[in-house]
There are 2 protein chains.
Amino acid sequence: MNTLKHFSASADDRSVDASTMEQVIGYRLRRAQLYVFQQFHQHFAELELRPAEYSVLNLIGTNPGRKQSQIAESLGIKRANFVPLINGLERRGLMIRRSQPDDRRSHALFLTTKGEVLVKQADQAQAEFEAHCVVRLGGTKARDQLLELLERLGG
Amino acid sequence: MNTLKHFSASADDRSVDASTMEQVIGYRLRRAQLYVFQQFHQHFAELELRPAEYSVLNLIGTNPGRKQSQIAESLGIKRANFVPLINGLERRGLMIRRSQPDDRRSHALFLTTKGEVLVKQADQAQAEFEAHCVVRLGGTKARDQLLELLERLGG
DNA sequence: TATTGTTATACTCTATAACTATA
DNA sequence: TATAGTTATAGAGTATAACAATA
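Remember, it's a predicted structure, so these values are computed and weren't measured experimentally. (Residues numbered from 1 in each chain as written. Chains lettered and ligands numbered in written order. Predicted model: local features only at pLDDT ≥ 70, side-chain atom pairs only at ≥ 80, totals over all residues. Heavy atoms only, no water.)

**Q** Please set out the pattern of salt bridges residue by residue, giving values where relevant.
**A** Residue and element names in this part refer to chain B. For the structure on display, the rule yields twelve salt bridges over all chains. With a closest N to O distance of 3.2 Å, E53 and R50 form a salt bridge. By relative accessible area, which is 9% here, E53 ends up buried. Using a relative accessible area of 53% as the deciding quantity, one classes R50 as exposed. (Salt bridge = Lys/Arg side-chain N within 4 Å of Asp/Glu carboxyl O. Buried < 20%, exposed > 50% of the residue type's maximum accessible area, 1.4 Å probe, protein only.)

**Q** Lay out the protein's contact with DNA strand C with the relevant residues and their values.
**A** Surrounding DNA strand C, one finds 18 residues, the nearest of these being A:N81, B:R30, B:Q68, B:S69 and B:R97. By atom count, sugar and phosphate contribute 59% of the portion of DNA strand C lying within 4 Å of the protein. Within the side chain of B:R105, one N or O atom sits 3.0 Å away from a base oxygen of DNA strand C. One nitrogen or oxygen atom from the main chain of B:H107 is found 3.0 Å from a phosphate oxygen belonging to DNA strand C. Contributing elements (two or more residues each) for the surface near DNA strand C: α5 (79-91) of chain A together with α4 (68-74) and α5 (79-91) of chain B. Here the surface near DNA strand C takes three residues from α5(B), the largest share from any one element. (Near = heavy atom within 4 Å. Polar contact = N/O pair within 3.5 Å; in protein donor to acceptor, adjacent residues only side chain to side chain. Helix = DSSP H or I, 4+ residues; strand = E, 2+ residues; numbered from the N terminus.)

**Q** Provide a residue-level description of the environment of A:V16, including the pertinent values.
**A** With respect to the helices and strands, the residue A:V16 is situated in the segment before α1 (19-22). Not counting residues within four places of it along the chain, the set of residues in contact with A:V16 comprises B:L59, B:N63, B:R66, B:Q70 and B:S74. (Contact = heavy atoms within 4.5 Å.)

**Q** Quick one: what's the story with the relation of the copies chain B and chain A, residue by residue and with numbers?
**A** Each copy superposes on the other: chain B lies on chain A with an RMSD of 0.0 Å after a rotation of 180 degrees and an axial shift of 0.0 Å. A rotation of that kind, with that shift, is consistent with a two-fold axis. By residue overlap, the copies meet face to face through one surface: 100% of the interface positions of chain B are interface positions in chain A. (Least-squares fit on C-alpha atoms with pLDDT ≥ 70 in both.)

**Q** Any chance you could break down the interface of chain B and chain A for me, citing the residues and the numbers?
**A** Contact with chain B, which involves 58 residues of that partner, is made by 58 residues of chain A. Summing both partners gives a buried area of about 5600 Å² for chain B against chain A, and 60% of it is carried by carbon and sulfur. Three residues stand out in chain B for area buried against chain A, namely B:V16, B:I25 and B:L153, and they jointly supply 11% of the buried area on that side. As a salt-bridge pair, B:R28 and A:E151 come within 3.3 Å of each other at their nearest N and O atoms. Linking chain B with chain A are 20 residue pairs in polar contact (both at pLDDT 80 or more), by the criterion used here. Put simply, the parts of the chain that give the side of chain B that touches chain A at least two residues each are α1 (19-22), α2 (25-43), α3 (51-62), α4, α6 (113-137) and α7 (140-153) of chain B. (Buried area = accessible area lost by both parts, 1.4 Å probe.)

**Q** Outline the pairing of strand β2 (residues 107-111) of chain A, listing residues and values.
**A** Residues and elements named next belong to chain A. Across the five residues that make up β2, a large majority, four, are buried. Where strand β1 (residues 95-99) lies against β2, five bridges are found, and the strand directions are antiparallel. Residue pairing in the sheet places S99 in a bridge with H107 of β2. (Pairing = 2+ DSSP bridges.)

**Q** Give a detailed account of the protein's contact with DNA strand D, specifying residues and quantitative values.
**A** The environment of DNA strand D is formed by 18 residues, the closest being A:R30, A:Q68, A:S69, B:N81 and B:R104. Contact distances for DNA strand D include 3.2 Å between a phosphate oxygen and a side-chain N or O atom of A:K67. A:R105 is positioned with one of its side-chain polar atoms (N or O) 2.9 Å from a base oxygen of DNA strand D. Counting only elements with at least two residues in the surface near DNA strand D, the list comes to α4 (68-74) and α5 of chain A together with α5 of chain B. Considering only residue class, the surface near DNA strand D consists of three nonpolar, five polar and ten charged. (Nonpolar A, V, L, I, M, F, W, Y, C, P; charged D, E, K, R; others polar.)

**Q** Just give me the short version of α6(B), but keep the residues and values in it.
**A** An α-helical turn contains 3.6 residues, so a residue and the one three or four places further along point in the same direction. Taking 1.5 Å per residue, 25 residues should reach 36 Å; α6(B) reaches 36 Å between its end C-alpha atoms and fits that length. All buried positions along α6(B) are accounted for by B:G115, B:L118, B:V119, B:A122, B:A125, B:Q126, B:F129, B:E130, B:C133, B:V134 and B:L137. Contacts made by the buried residues of α6(B) are with α2 (25-43) and α7 (140-153) of chain A together with α2, α3, β2 (107-111) and α7 of chain B. (Expected span 1.5 Å × (residues − 1).)

**Q** Before we move on, can you summarise the packing of aromatic side chains with the specific residues and values?
**A** For the coordinates displayed, the defined rule picks out eight aromatic pairs over all chains. Where B:F40 meets B:F44, the ring centres are 3.9 Å apart and the plane angle is 10 degrees; that geometry is what we call stacked. The residues B:F40 and B:F44 share a single accessibility class, namely buried. Through successive ring pairs, a cluster of aromatic residues spans A:F40, A:F44, A:Y54 and A:F129. Here the basic side chain of A:R98 rests over the ring of A:F110, its NZ or CZ set 4.1 Å away from the ring centre. (Phe/Tyr/Trp six-rings, centres within 6.5 Å; stacked < 30°, edge-to-face > 60°. Lys NZ or Arg CZ within 6 Å of the ring centre and 35° of its normal.)

See the structure below:
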């Protein structure tokens, strides 16, 4: 080992300057989103629900009887990718597809009783997690500001 | 077709109510991030740079001579995934690995002249894209607020 | 023994094309 | 001919384990 490194600014000693990237909105959005999803995963581990699965069950709960394509499109999920997602939820007995008499091409989605129970638990876990985020943001006003700014960004 | 559907609130007529999910920070973060990355992709199509590739080249440009592991860790990229990423950049002649005499295990990273030229173009494209985002956010003050809120969220 | 870079691998998410059954 | 759901598949992004060279 070179003892001179203690007196020179060798590459190993210098820390990485990421100040430019830290100012980039997209980069910071990505890092924050990954972090929040990681936290979500910890809070929802017992319920065995991933973010997309929770959003689907939540949406079916507040919109019973909608077609697959309606729920999928509302969440920005391609209908082809939606199929295996709800296959898993249906296999777990959390929701069901029902054929529609008036248009036998489409399937209406409903929560099962088991699904309703899980969604209630998940909504509770989500409320607690959200409260945790609000504290870190500095209050509900800061949270509202963040949602407003994200809204303006589009998407 | 059943003409009665014009008088009843059938599932096909109702739109999906996503108001609950719209209040969820993680969900809104995800949607906004996907949208911004999609916009980024359009702005950077000519340069053939994906977000991760731009961040790597930018960081090497401002931190020449750092080890692979330093750049990778700073961006939250696992060193195993960093290898194929910079393989592509090196194959395109945008950067090079250099063996370090003082520690022959590590590779120091540098931009090539071609890489420096591309990074300058990319920084320009990024500045324009960022300005576009700032306009949508409602000014630089709103941008600073957003970055501050994302900072508080952690990650 | 520990670290750096590498390879192999697997799992998730996302995107597209083509099929089926219905309309 | 068009639509809803499905299947197959391919491409990214991400995660872990194990290895070679070096410290």
